[in-house]
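# Structural overview
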Amino acid sequence: MDFKDKLLMLGDRVAKLKDKIGTEESTKTSFVLPFLQNLGYDIFNPLEVTPECDCDYGTKKGEKIDYTVCLDGQPIMLIECKHWREDLDRHKAQLFRYYHVSKAKFGVLTNGIVYKFFSDLESQNKMDDKPFFEINLLDLKDSHIEKLKEFCHDQYNVENILNSATELKYINALRAYIVTESQSPTEDFVKFFTKQVYDGMVTKSVLDDFTPMVKRAFQLFTNDYVNERLKSAITPEMPAVDAPDGNEAASAEESKIITTEEELQGFYIVRAILCNTVDLNRVVDRDAQSYFAILFDNNNRKPICRLHFNGGKKYVETFDANKVGTKHLISSLNDIYQLSDTLINIVEYYLKGKSADCNN
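Report on the accompanying structure. All of these numbers come straight from a predicted model, not from anything done at the bench.

Running from N to C, helix H1 (residues 3-17) and helix H4 (residues 142-149) cross one another at 115°; their axes reach a closest spacing of 11 Å. Classed by the angle they form, the pair H1 and H4 counts as roughly perpendicular. In this structure, the crossing between H1 and H4 has a hand that is right-handed. Here Phe3, Lys4 and Leu7 of H1 lie close against H4, whose contacting residues are Asp142, Ile145, Leu148 and Lys149. Across the contact of H1 with H4, the residue classes break down as four nonpolar, no polar and three charged.

Between helix H9 (residues 261-274) and helix H10 (residues 340-352), whose axes approach to 9 Å, the crossing angle comes to 70°. Judged by the inter-axis angle, H9 sits roughly perpendicular to H10. In the packing of H9 onto H10, the handedness of the crossing is right-handed. Counted together, Val270, Ile273 and Leu274 of H9 and Ser340, Leu343, Ile344 and Val347 of H10 form the full contact between these two elements.

With five of its five residues buried, strand S8 (residues 292-296) lies for the most part within the structure. Here strand S7 (residues 283-287) pairs with S8 via five bridges, running antiparallel. Bridging across to S8, Val283 finds its partner in Phe296. Here five bridges tie S8 to strand S9 (residues 299-308), and the two strands are oriented antiparallel to one another. Looking across to S9, one finds that Ile294 is bridged to Cys305. The hairpin formed by S8 and S9 contains two residues between the paired strands, and Asp297 there has a positive phi angle of roughly 55°.

What follows is about the environment of Gly325. With respect to the helices and strands, the residue Gly325 is situated in strand S11 (residues 325-330). The class of Gly325 is partly exposed, set by a relative accessible area of 33%. When the C-alpha positions of Gly325 and Pro303 are compared, they lie 9.4 Å apart, and in sequence the two are 22 residues distant. Those residues within four positions of Gly325 in sequence are excluded, and the remaining contacts are Glu317, Thr318 and Phe319.

Non-glycine residue Asn298 carries a positive phi angle of around 55°. With respect to the helices, strands and loops of the structure, Asn298 is situated in the loop between S8 and S9. Not every positive phi belongs to a glycine, and Lys323 is a case in point at roughly 65°. Along the chain, Lys323 falls in the loop between strand S10 (314-319) and S11.

Okay, helix H2 (residues 24-38) next. Compared with the 21 Å implied by 1.5 Å per residue over 15 residues, the 20 Å span of H2 between its first and last C-alpha is a close match. At Val32, H2 shows its largest bend, some 30°, and a proline, Pro34, comes one to four positions later. H2 sits mainly inside the fold: eleven of its 15 residues count as buried. Residues Ser26, Thr27, Lys28, Ser30, Phe31, Val32, Leu33, Pro34, Phe35, Leu36 and Asn38 constitute the buried set of H2. Phi for Gly40, located one or two positions after H2, is positive at around 95°.

Cut-offs applied
Residues numbered from 1 in each chain as written. Predicted model: local features only at pLDDT ≥ 70, side-chain atom pairs only at ≥ 80, totals over all residues. Heavy atoms only, no water. Axes fitted to C-alpha atoms, helices over the stretch in contact; angles between N-to-C directions. Helix = DSSP H or I, 4+ residues; strand = E, 2+ residues; numbered from the N terminus. Parallel < 35°, antiparallel > 145°, perpendicular 65-115°, else oblique. Left-handed = near helix turned anticlockwise from the far one by under 90°. Contact = heavy atoms within 4.5 Å. Nonpolar A, V, L, I, M, F, W, Y, C, P; charged D, E, K, R; others polar. Buried < 20%, exposed > 50% of the residue type's maximum accessible area, 1.4 Å probe, protein only. Pairing = 2+ DSSP bridges. Expected span 1.5 Å × (residues − 1). Bend = angle between axes of the 7 residues up to and from the residue.

Written as structure tokens, this is what we have:
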């Protein structure tokens with residue numbers, strides 16, 4: 001199992017268990033320690049992961065950081081943990097004190113779900129007020145997972161991390177600013193865009209008129225951008241399936257077939273699942289009266305799955321190497337993602353052209 005899979009599995013575990021975690025201590029043992037273990041650190045070796053390490057600061061004695069992570073006998077990360085319901089921003093000052101008296105280059109503030117990584121990019125030996133990197137186990141993104149890999153035991157290199165940390169910090173800050181302003185634009189933000197398109201004097205009344213327009217413009221831009229990306233990723237041109245010439249009976253039957261939006265959405269989800277496995281031009285749909293088929297190479301003898309969405313209940317029928325179908329009841333289209341392994345296995349079987357157990 002690779003690093004990404006381990007992290008996704010931990011995210012699923014956190015989502016399922018969090019409502020049953022009632023204390024900070026259980027947050028540490030159930031969420032934080034497995035996270036450090038996934039990074040490749042030996043959580044049972046106190047020379048590598050030290051709990052309750054002393055961090056006395058000035059007249060404050062008995063101060064302890066939850067975990068100190070070490071490599072080659074040197075501290076590299078301080079981990080301060082809070083209960084998963086805690087607002088982490090309220091506890092930055094505590095991590096700031098610990099960071100000041102430690103040789104570790106990175107401080108991590110976490111509630112077991114969100115991990116905020118701090119360093120001293122602005123002033124040496126003084127922890128920055130804002131994190132340069134943040135990851136949420138309940139909302140994992142590929143770019144974040146790739147960045148997190150740099151903190152793994154076998155890949156850790158402080159120079160490599162710091163080289164991109166400053167840029168990453170400000171990119172994240174700009175992104176957060178754009179998101180906030182596009183959802184609830186301030187007067188200065190609206191004024192800037194209004195001046196780009198409006199020739200008159202920008203009065204309070206004009207700003208009031210333009211505020212909802214600016215917000216709507218950002219929403220439309222975002223929707224258009226996402227739709228274009230989806231089209232390019234999962235809906236390339238597909239070969240058409242024409243009825244045989246002169247076959248009036250077949251044409252009459254086809255006229256009764258209605259392809260629904262829900263069937264198309266299911267088709268797009270299947271293609272999204274298979275996008276890293278096969279050229280999507282080889283994943284083709286063929287609708288029928290009783291089901292919506294998704295085929296490999298537009299070949300009826302190579303079914304990937306069938307969508308049975310025309311009845312009261314909805315089923316996805318998957319196939320094994322012997323073309324034996326198994327129907328799976330789904331309550332929403334998102335349930336199709338739970339069949340990812342089965343769908344990938346049958347396509348890999350067609351690609352290899354040999355027997356495989358595709359319904360494991």
